[in-house]
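Each chain is listed here by its residues.
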Amino acid sequence: MIELNRVYNENCIETMARMPEDFVDMTVTSPPYDDLRDYNGYHFPVEDIAAGLFRVTKPGGVVIWVVGDRTVKGSESLSSFEHAFRFREAGFRVHDTMIYAKNNPIPSDCGKRYRQCFEYMFCFSKGQPKTFNPITQKIKQEKAFKSFRITKVGRNDLAHDHIAPKERKLNNIFFYNVGTSSSKDKVAFDHPAIFPEKLVEDQIHTWTDEGDLVYDCFMGSGTTAKIAHLQKRRWIGSEISEEYVKIATERLSQYIDAHNFSAAR
Ligand SMILES: C[S@@+](CC[C@H](N)C(=O)[O-])C[C@H]1O[C@@H](n2cnc3c(N)ncnc32)[C@H](O)[C@@H]1O
């Protein structure tokens, strides 16, 4: 069986095999796509991982899959959409395709195209999501406006004025700082591709409640574990590289008692 609040230093396929069916409320993760960076040379079979995640996700649970594309010989790989199709074949719904936009993308020479500044943030769900705690924003204009309906003969004002709500759900494009302003944990930057902490905070808040179980199958520097812990969720992580598990362990020791998360192999 499996212990909670642990980073497992192994292939995530092995960690998922330890889990019973319908076990995890939410997975938030970023795969090592397109060999964009050399994560110590590890690769991953997306079909097997999608099938594993479908098995261990509770009905109504979600997988937040953050992924971009590499440009190969001038053409985008579309790995992001390949992954979405594989998740759908595994049984998930594609509930939402959100965008993670970077306020301060790493400068790069992108040829005859605009500067690349976003990744996809797919929400794959096992049926209709069971939890949704939307983040809202205040609306400036609070005055009443006329409600209307467009009919064949034009605009038809409805009898009652509609009072605009004072808040509305955020749009599904999320802007985050990347790089050193995305976490204050210096050790995390020994990993080449960490999540902005705010991204993980927002997603965990949205799709889970306190006490729920959050999984990250590619734990890297431990961002998901840190934020899940701070948001009073339980968590499990897999990370295949021993070097990165050491980084995650050092990082998490600032927030969690050491005996609570020691990595297993
Ligand atoms: C994009 S990074 C994740 C970074 C993480 N989100 C963070 O905030 O630090 C992907 C990670 O997946 C790990 N990895 C690659 N294949 C794996 C596998 N099959 N099982 C578990 N981890 C794997 C890599 O070593 C790398 O650390």
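Residues numbered from 1 in each chain as written. Predicted model: local features only at pLDDT ≥ 70, side-chain atom pairs only at ≥ 80, totals over all residues.

Caption draft 1: The arrangement of helix α6 (residues 242–252) in detail. Turning to α6, its buried residues number three or more, namely Tyr 244, Val 245, Ile 247, Ala 248, Thr 249, Arg 251 and Leu 252. Looking at the buried side of α6, the elements it contacts are β1 (6–8) and α5 (223–230). (Buried ≥ 20, exposed ≤ 12 C-beta atoms within 10 Å, placed from the backbone. Helix = DSSP H or I, 4+ residues; strand = E, 2+ residues; numbered from the N terminus. Contact = placed C-beta atoms within 7 Å.)

Caption draft 2: Structural context of the nonpolar core. In terms of nonpolar packing, the biggest core is built from 50 residues, with Ile 64, Trp 65, Phe 124, Ile 204, Val 214 and Ala 248 touching the most fellow members. Examining the composition of this core, we find that six residues originate from one element, strand β3 (residues 57–67), more than from any other. Ignoring sequence-local partners within four residues, the contact set of Trp 65 consists of Thr 29, His 83, Phe 87, Phe 122 and Phe 124. (Core = buried A, V, L, I, M, F, W, Y, C linked by C-beta atoms within 7 Å.)

Caption draft 3: Looking closely at the sheet that holds β1. The eight strands lie next to each other as β1-β14-β13-β2-β3-β7-β6-β12, forming an open sheet whose pairing is mixed. The open sheet has two edge strands, β1 and β12 (173–176), and neither has a second partner. Across the sheet, the axes of successive neighbouring strands diverge by a mean angle of 20°, strand direction being ignored. Here five bridges tie strand β2 (residues 24–29) to β3, and the two strands are oriented parallel to one another. In the sheet register, Thr 29 faces β3, and the bridge partner there is Trp 65. Across the sheet, helix α3 (residues 79–90) lies against β3, β6 (93–102) and β7 (118–125), angled at about 170° from β3, the strand it touches most. Across the sheet, α5 touches β1, β2, β13 (213–216) and β14 (234–238), and the angle it forms with β14 is around 175°. (Pairing = 2+ DSSP bridges. Axes fitted to C-alpha atoms, helices over the stretch in contact; angles between N-to-C directions.)

Caption draft 4: Structural view of the packing of helix α4 (residues 197–207) against α5. Two numbers describe how α4 lies on α5: the axes approach to 9 Å, and their chain directions differ by 50°. Taken together, the axis directions place α4 and α5 in an arrangement best described as oblique. The handedness of the crossing between α4 and α5 comes out as right-handed. Where α4 abuts α5, its residues Glu 197, Val 200, Glu 201 and Ile 204 lie against Thr 223, Thr 224, Ile 227 and Ala 228. (Parallel < 35°, antiparallel > 145°, perpendicular 65-115°, else oblique. Left-handed = near helix turned anticlockwise from the far one by under 90°.)

Caption draft 5: Expanded view of helix α2 (residues 46–56). Taken as a whole, α2 has its buried residues at Ile 49, Ala 50, Gly 52, Leu 53 and Val 56. One side of α2 holds all its buried residues, which, seen down the axis, span an arc of 165°. On the buried face of α2, the contacting elements are α1 (12–18), β2, β3 and α3. (Arc of directions from axis to C-beta.)

Caption draft 6: Focus on the environment of Ile 106. Positionally, Ile 106 belongs in the loop between β6 and β7. The sequence separation of Ile 106 and Gln 116 amounts to ten residues, and the corresponding C-alpha distance is 8.8 Å.

Caption draft 7: Representation of the pairing of β3 in the model. Judged by how many residues are buried, β3 sits mostly within the fold: eight of eleven residues are covered. Relative to β7, β3 is paired through six bridges, and the arrangement is antiparallel. Bridge pairing in β7 places Val 67 opposite Tyr 120.

Caption draft 8: The arrangement of unusual backbone geometry in detail. Backbone geometry at Asn 5 places phi at a positive 55°, although glycine is not the residue there. When you line up the elements, Asn 5 lands in the segment before β1. Among the residues examined, Asn 5 registers 19 C-beta atoms within 10 Å and is labelled partly exposed. With a phi angle near 50°, Asp 22 is a residue other than glycine that sits in the positive phi range. Among the secondary structure elements, Asp 22 is positioned in the loop between α1 and β2. With 13 C-beta atoms counted inside 10 Å, the residue Asp 22 sits in the partly exposed group.

No statement about biological role is implied by the geometric values presented.
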